[in-house]
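Listed here are the chains, written in short residue letters.
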Amino acid sequence: MKKSLLLALTHTLSAAVGFALGIYALPILIAPPAPSGEEVAAQATAARHEAHFRRDLKDSDALHWGEGKVSIGAEAIVFEGELAPGPDYKLYLSPEFVETEADFLRLKASMVRVGDVRTFRNFVVPVPASINPSDYSSVIVWCETFNQFITAARYR
């Protein structure tokens, strides 16, 4: 009986660790190639605003963070830096700066989702013609699947 219980416990623990590693590794494995520094620099020249993602925000932690320069233009939002890997990242513009999940969820109705973030080092996300970034003040990376705050930056 003890042996069966021990085997069940160790197998369950192994399965849980494997599942967690899979959730972490899968987005990295399926991510498209990140834009090069030259591509990012070329796109950033048209930016009207600039800000920086920082690791020291209230709800950022060892698994949920971003660090680098984000450039916001009428046609694209460009990031040069690094994000913690994760699934289902979305880029939002907000009328207010947020740095917690609670604030994000409270203000989500007043935000606009710009698009998907599919890479974790550098990204270029096209801005739909229906969105005017100058109507907002902050840019946010959010994990939609797990309702997890990743990072944010105020640009105006």
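Please refer to the structure higher up on the page.
How each quantity is defined
Residues numbered from 1 in each chain as written. Predicted model: local features only at pLDDT ≥ 70, side-chain atom pairs only at ≥ 80, totals over all residues. Heavy atoms only, no water. Helix = DSSP H or I, 4+ residues; strand = E, 2+ residues; numbered from the N terminus. Buried < 20%, exposed > 50% of the residue type's maximum accessible area, 1.4 Å probe, protein only. Contact = heavy atoms within 4.5 Å. Areas by Shrake-Rupley, 256 points an atom, 1.4 Å probe, with all protein chains shown as cover. Lys, Arg positive; Asp, Glu negative; His and termini not counted. Charge placed at Lys NZ, Arg CZ, Asp CG, Glu CD. Pairing = 2+ DSSP bridges. Axes fitted to C-alpha atoms, helices over the stretch in contact; angles between N-to-C directions. Core = buried A, V, L, I, M, F, W, Y, C linked by side-chain atoms within 4.5 Å. Phe/Tyr/Trp six-rings, centres within 6.5 Å; stacked < 30°, edge-to-face > 60°.

Engineer: For the overall build of the protein, give the residues involved together with the corresponding values.
Structural biologist: What the protein contains, in helices and strands, is three helices and eight strands. Its C-alpha atoms give the protein principal-axis dimensions of roughly 70 × 35 × 25 Å. Classification of the 156 residues of the protein by burial places 42% in the buried group. Within the protein, residue pairs in contact and separated by at least 24 positions form 64% of the contacts whose partners lie at least 6 positions apart. A total accessible area of about 8,800 Å² is found for the protein, and carbon and sulfur atoms account for 58% of it. A distance of 6 Å separates the average location of the 15 positive side-chain charges in the protein from that of its 18 negative side-chain charges.

Engineer: Which residues make up the sheet that holds strand S1 (residues 49-53), and what values do they have?
Structural biologist: Pairing between the strands of a sheet comes from backbone hydrogen bonds, and it takes one of two forms, parallel or antiparallel. Pairing within the open sheet is antiparallel, and its four strands lie in the order S1-S2-S3-S6. Two strands lie at the open edges of the sheet, namely S1 and strand S6 (121-126), each paired on one side alone. Strand-to-strand, the axes of this sheet are offset by a mean angle of 15 degrees, without reference to chain direction. Where strand S2 (residues 66-72) lies against strand S3 (residues 76-83), seven bridges are found, and the strand directions are antiparallel. Following the sheet pairing, Gly68 is matched in S3 by Gly81. In the packing of helix H2 (residues 37-44) onto the sheet, the strands contacted are S2, S3 and S6, and the crossing angle to S3 comes to about 140 degrees.

Engineer: Can you tell me about the environment of Gln43, naming the residues and giving the values?
Structural biologist: Relative to the helices and strands, Gln43 is located in helix H2. Remark: the alpha-carbon pair of Gln43 and Ala76, spanning 33 residues in sequence, is separated by 7.4 Å. Residues contacting Gln43, with those up to four places away along its chain left out, are Ala76, Val78 and Val124.

Engineer: Describe in detail the nonpolar core, supporting the description with residues and values.
Structural biologist: The biggest cluster of nonpolar side chains holds 27 residues, and the ones touching the most others in it are Val70, Ile77, Tyr89, Leu91, Leu93, Phe123 and Val139. For this core, the secondary structure elements donating two or more residues are S1, S2, S3, strand S4 (89-94), strand S5 (112-117), S6, strand S7 (138-143) and strand S8 (148-154). Look past the residues within four positions of Ile77 in its chain and what remains in contact with it is Val70, Ser71, Ile72, Leu91, Leu93, Val114, Phe123, Val124, Val125, Val127 and Val139. Listed in part, the ten residues of the second largest apolar core include Phe104, Leu107, Trp142 and Ala152.

Engineer: Which residues make up the packing of aromatic side chains, and what values do they have?
Structural biologist: Taken as a whole and assessed by the stated rule, the structure comprises five aromatic pairs. Arranged with centres 5.2 Å apart and planes meeting at 50 degrees, the rings of Phe53 and Phe79 form a pair that is tilted. Of the two residues, Phe53 sits in strand S1 while Phe79 sits in strand S3, which places them 26 residues apart along the sequence. Assigned by exposure class, Phe53 and Phe79 land together as buried. With a centroid separation of 5.8 Å and an interplanar angle of 85 degrees, the aromatic rings of Tyr89 and Phe120 are classed as edge-to-face. Here the residue Tyr89 occupies a position in strand S4, and Phe120 occupies one in the loop between S5 and S6, the gap between them amounting to 31 residues. Residues Tyr89 and Phe120 agree in their burial class; the two are buried.

Engineer: If you had to explain the pairing of S4 to someone new, which residues and values would you point to?
Structural biologist: With six of six residues buried, S4 is to be regarded as a mostly interior element. Across the two faces of S4 the burial is the same, with Tyr89, Leu91 and Leu93 and Lys90, Tyr92 and Ser94 all buried. With five bridges joining them, S4 and S5 adopt antiparallel strand pairing. Across the sheet, Lys90 pairs through a bridge with Asp116, a residue of S5. As defined by bridge partners, S4 adjoins S7 across six bridges and the pair is classed as antiparallel. Looking at S7, one finds that Tyr89 is bridged to Cys143.

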